[in-house]
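# Fold and contact review
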Amino acid sequence: MAAKLPEEEHPKQAFGWAARDESGVLSPFNFSRRATGEKDVCFKVLYCGMCHSDLHMVKNEWGTSTYPLVPGHEIVGVVSEVGSKVEKFRVGDKVGVGCIVGSCRSCHNCTSNLENYCAEMILTYGAKNYDGTITYGGYSDIMVADEHFIVRIPDALPLDATAPLLCAGITVYSPLKYYGLDKPGMHVGVVGLGGLGHMAVKFAKGMGVKVTVISTSPSKKQEALGHLGADSFLVSRDQDQMKAAMGTMDGIIDTVSAMHPLLPLIGLLKTNGKLVLVGAPEKPLELAAFPLLMGRKMVGGSGIGGMEETQEMINFAAKHNITADIEVIPIEYANTAMERILKADVRYRFVIDIGNTIKSTH
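Residues numbered from 1 in each chain as written. Predicted model: local features only at pLDDT ≥ 70, side-chain atom pairs only at ≥ 80, totals over all residues. Heavy atoms only, no water.

## What about the overall build of the chain?
- Regarding its fold elements, the chain presents 12 helices and 17 strands.
- The C-alpha radius of gyration of the chain comes to 21 Å, within 12% of the 21 Å expected for a compact globule of 362 residues.
- Here the C-alpha coordinates of the chain stretch approximately 65 × 40 × 35 Å along the principal axes.
- Looking at the chain residue by residue over its 362 residues, the buried ones come to 55%.
- Long-range contacts, defined here as pairs at least 24 residues apart, represent 67% of the contacts in the chain between residues at least 6 apart.
- For the chain, the accessible area works out to roughly 15,700 Å², and carbon and sulfur atoms hold 54% of it.
- Averaging the locations of the 35 positively and 39 negatively charged side chains of the chain gives two centres separated by 6 Å. (Helix = DSSP H or I, 4+ residues; strand = E, 2+ residues; numbered from the N terminus. Rg over C-alpha atoms; globule rule 2.2 N^0.38 Å. Buried < 20%, exposed > 50% of the residue type's maximum accessible area, 1.4 Å probe, protein only. Contact = heavy atoms within 4.5 Å. Areas by Shrake-Rupley, 256 points an atom, 1.4 Å probe, with all protein chains shown as cover. Lys, Arg positive; Asp, Glu negative; His and termini not counted. Charge placed at Lys NZ, Arg CZ, Asp CG, Glu CD.)

Structure follows, in structure tokens:
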């Protein structure tokens, strides 16, 4: 039986690490989580992935940050309490929370299982909650969220290496499915071999797709082919290689968030091919019309995924043994890890061992 809780219970004392200003430096922070409401799940956080957006947010590079800011939206742990009307979870379940903790639940997007495109979506951290408080993320010891936004983690998946799937995983899984690039025998390109890119390779391979990694770094060839299981590797700066591959791909998942030319990528597409952007460069990219007209090609985008699809992605990962490649770190190392993320010095995702290191800093 689910543990029934008095609904008027007091807020919970929480402890995490927060940025206090635009320097982005993280330090210990005491705060409160809301009491577990009747539809809420409270869980002990064991691991939290470090996403590139955490770096942007702690430094207010997108101009939307509110301090103190507790980052983290790749959060996994074990349920410690459930509200009286919670139906899907019970104490002891392994669960996760990704990028969103709320949406209006009534608009067309929400009723179509696209909470990630709801105009009133509430982000897991640094956003205004319905009660006016600011949301705090997973660099903390406990998490409380409505059960609708909680994902079940199957026992087959290790919690630490599953955490990044809640952002990086769904960000690439959703466009592969929506744009129809998940059919066995198709040929899909993946641009950029970072946190998103390495997940795109793994999910595409799990779907039975032929995968070519497209990178500016020839040094990543062995990693792409040998370790991640890609079928081929293109150096995007090598004119001969790019020319030889023109017109060979059904679609491309472009994970790069730095400025880069789209024209050579559009050239790699077959007729009716799709170039899907999941990275977000700060300045507009140049897009010429003619290369799209001459082959009925399209450029699209995609942002995370709805809750139903996120659960589907996690279940797919369990079935196909897909996890992120991670470097597990203590919370005290988080500032150094941020500097390394800036230099792309991680293969391919830092995951903070919250369960074993947050409490030691009390």
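## Brief notes about the packing of aromatic side chains
- Across all of its chains, the model carries 8 aromatic pairs by this definition.
- Both rings, one in Tyr 333 and one in Phe 350, keep their centres 6.4 Å apart while their planes meet at 65 degrees; by these two values the pair is edge-to-face. With Tyr 333 in the loop between strand 16 (326–329) and helix 11 (334–342) and Phe 350 in strand 17 (residues 349–353), this pair connects stretches of sequence that are 17 residues apart.
- The class of Tyr 333 is partly exposed, set by a relative accessible area of 26%.
- Judged by its relative accessible area of 1%, Phe 350 is buried. (Phe/Tyr/Trp six-rings, centres within 6.5 Å; stacked < 30°, edge-to-face > 60°.)

## Points about the pairing of strand 16
- One ladder, built from 4 bridges, connects strand 16 with strand 17; its direction is parallel. Paired with Glu 327 across the two strands is Phe 350, which belongs to strand 17. (Pairing = 2+ DSSP bridges.)

## What to know about the domain arrangement of the chain
- Domain boundaries assigned for the chain yield domain 1 (12–167 + 323–352) and domain 2 (168–301).
- In this structure, domain 1 and domain 2 have C-alpha centres spaced 28 Å apart.
- Tallying the contact residues gives 12 residues for domain 1 and 15 residues for domain 2.
- Residue Asp 325 pairs with Lys 202 through a salt bridge whose shortest N-O separation is 2.6 Å.
- If you look at where domain 1 meets domain 2, you find 13 residue pairs in polar contact (both at pLDDT 80 or more).
- Partitioned by chemical class, the residues of the side of domain 1 that touches domain 2 number 6 nonpolar, 2 polar and 4 charged. (Domains from an automatic or database assignment. Salt bridge = Lys/Arg side-chain N within 4 Å of Asp/Glu carboxyl O. Polar contact = N/O pair within 3.5 Å; in protein donor to acceptor, adjacent residues only side chain to side chain. Nonpolar A, V, L, I, M, F, W, Y, C, P; charged D, E, K, R; others polar.)

## Points about helix 5 (residues 195–206)
- Under the 1.5 Å per step criterion, the end-to-end length of helix 5 is 17 Å for 12 residues, consistent within 8% with the ideal 16 Å.
- For helix 5, the tally of buried residues reaches 10 of 12 residues, placing the bulk of the element in the interior.
- By the burial criterion, the buried members of helix 5 are Gly 195, Leu 196, Gly 197, His 198, Met 199, Ala 200, Val 201, Lys 202, Phe 203 and Ala 204.
- Where helix 5 is buried, its residues contact helix 4 (168–178), strand 10 (187–191), strand 11 (210–215), helix 10 (307–320) and strand 17.
- Looking at the residues trailing helix 5, positive phi occurs at Gly 208, about 85 degrees. (Expected span 1.5 Å × (residues − 1).)

## So, the sheet that holds strand 10
- With parallel pairing, 6 strands are arranged side by side in an open sheet as 12-11-10-13-14-15. Looking at which strands have only one partner, the edges of the open sheet turn out to be strand 12 (232–235) and strand 15 (298–301). Adjacent strand axes in the sheet meet at a mean angle of 20 degrees, parallel and antiparallel pairs treated alike.
- The strands touched by helix 5 within the sheet are strand 10 and strand 11, with strand 11 carrying the most contacts at an inclination of about 165 degrees. (Axes fitted to C-alpha atoms, helices over the stretch in contact; angles between N-to-C directions.)

## Details of helix 4
- Across the 11 residues that make up helix 4, a large majority, 9, are buried.
- Those residues of helix 4 lying buried are Ala 168, Gly 169, Ile 170, Thr 171, Val 172, Tyr 173, Ser 174, Pro 175 and Leu 176.
- At its buried positions, helix 4 is contacted by strand 10, helix 5, strand 13 (249–254), strand 14 (269–277), helix 10 and strand 17.
- Residue Gly 180 follows helix 4 closely and has a positive phi angle near 70 degrees.

## Overview of empty space enclosed by the protein
- Counted according to the given criterion, the structure contains 1 cavity of 30 Å³ or more.
- Size it by volume and the largest cavity reaches roughly 70 Å³.
- For the largest cavity, the full set of lining residues is Gly 98, Cys 99, Ile 100, Val 151, Leu 166, Ile 170, Ile 304, Gly 305, Met 307 and Thr 310. (1 Å grid on protein atoms, 1.4 Å probe; cavity = no way out; pocket = protein on both sides within 12 Å on 5 of 7 lines; lining within 4 Å. Points joined across faces, edges and corners; volume = space filled by probe spheres on them.)

## Structural notes on a nonpolar patch on the surface
- A surface patch of nonpolar side chains, amounting to about 390 Å² of accessible area, comprises Phe 290, Leu 293 and Met 294.
- By secondary structure assignment, the location of Leu 293 is in helix 9 (residues 290–293). (Patch = residues over 30% accessible without salt bridge, like charges linked within 9 Å, V, L, I, M, F, W, Y side chains within 5 Å.)

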